[in-house]
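Breakdown of the fold
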Amino acid sequence: MLTLLLAACQSDAPSNVVNSAPIVEAEDGTIAYEELVVGYSQIGAESEWRTGNTDSIKEAAENLGVELIFSDGQQKQENQIKAIRTFIAQQVDVIGVSPVVETGWDSVFQEAKDAGIPIILVDRRADVAEDLYTSYLGSDFVEEGRNAANVMVDLLDGGGTIVELVGTIGSAPAIDRYAGFREIIKDYPEIEIIASETGDFTRAKGEEVMGDFLQIYGEEIDAVYAHNDDMAIGAIRAIEAYGLKPGEDIKIVSIDAIRDAFQAMIDGKLNATIECNPLLGPQFFELALKVANGESVPKWIPSEEKIFFPEGAEEILPTRRY
Ligand code: AHR
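Across the sheet, which stays open at both edges, the six strands sit in the order E4-E3-E5-E6-E7-E13 with parallel pairing between neighbours. The sheet terminates laterally at strand E4 (67-72) and strand E13 (300-302), the two strands that pair on one side only. Neighbouring strand axes in the sheet, compared pairwise and without regard to direction, differ in orientation by 20 degrees on average. Pairing between strand E5 (residues 94-97) and strand E6 (residues 119-122): three bridges, direction parallel. Its bridge partner being in E6, Gly-96 is matched across the sheet by Ile-120.

What follows is the structure, encoded as structure tokens:
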């Protein structure tokens, strides 16, 4: 049985805030999905992965009946900070945020804490004190970098030159995938990372930077390590334009496991992709509801991820949702 608590009873609630509408609470005082109001600050739309992530968040909110206030930060931290401040003013129940870069969140997260609004980090971590966020839902990016390196070592048979396409500078996946990769590669003295530049997680930048690498190093390049599939796909274009065969003349390993990566593996142009799961919507709202109801939740909920190779890619592609 549900008890209706009229907002009119809450005389101190501003009239323009989202949850000034009547709040429906269960008799035990907990709220249901239909009563939950969530502000979500997304990074932008830089990659296919990000589009899959946004779709997952929006679809889950709709299916569960959660009121979602979604903001696209267009790759700018200042936009994300502004959105979080708006969510605080709107007195949402929970704020979800995928931080574009790791640092610079302390003040705005403190403001949310002071307002009694829990922050859940989704997909990317922020470099803040542990008491400034409730939970982190997302991947182990260091492990993804290690996995990419182990695959690369096999592909190069323990020796060769690598160029690296790095993600957005200062972002958690770029920092961790860079570090995890090196953690493994350092034990192989015959493998050398000869160049490392940001491609900002986009196809266009990946293509441009790979084009520059080819101008400088040409056929000296044995392999590409791309921090995401979109940059790898850009690199494939640049390698073809240069007159070499991606996947054969130059081995390529990347991260995400988007549908286009499976197609590239089927076409023999990509040698492996390390999965990074963007389908976090249902888990995020389950977590948000628990947090809104005062339940304790783990500080980190890691995603389970696989490694995919060209073998089997054709059968797997139709099952991929992003
Ligand atoms: O934070 C996850 C990363 O961000 C994905 O690997 C990348 O494609 C995205 O833009």
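So much for the structure itself; the text now carries on.
Summed over all chains, the structure comprises 17 salt bridges. The salt bridge partner of Arg-124 is Glu-46, with a shortest N-O separation of 3.7 Å. Of this pair, Arg-124 sits in the loop between E6 and strand E7 (135-138) while Glu-46 sits in the loop between strand E3 (37-42) and helix H1 (48-64), placing them 78 residues apart in sequence. Accessibility expressed as a relative area gives 2% for Arg-124, which makes it buried. A relative accessible area of 11% means that Glu-46 is categorised as buried. Here Glu-275 ties to Arg-320 by a salt bridge, and the two come within 3.1 Å at their closest N and O atoms. Residue Glu-275 is located in strand E12 (residues 272-275), and its partner Arg-320 is located in the segment after helix H10 (313-316); the two are separated by 45 residues in the primary sequence. A single burial state applies to Glu-275 and to Arg-320, both of which are buried. Linked through salt bridges whose partners overlap, the residues forming this network are Glu-46, Arg-50, Asp-123 and Arg-124.

Conventions and cut-offs
Residues numbered from 1 in each chain as written. Predicted model: local features only at pLDDT ≥ 70, side-chain atom pairs only at ≥ 80, totals over all residues. Heavy atoms only, no water. Pairing = 2+ DSSP bridges. Helix = DSSP H or I, 4+ residues; strand = E, 2+ residues; numbered from the N terminus. Axes fitted to C-alpha atoms, helices over the stretch in contact; angles between N-to-C directions. Salt bridge = Lys/Arg side-chain N within 4 Å of Asp/Glu carboxyl O. Buried < 20%, exposed > 50% of the residue type's maximum accessible area, 1.4 Å probe, protein only.

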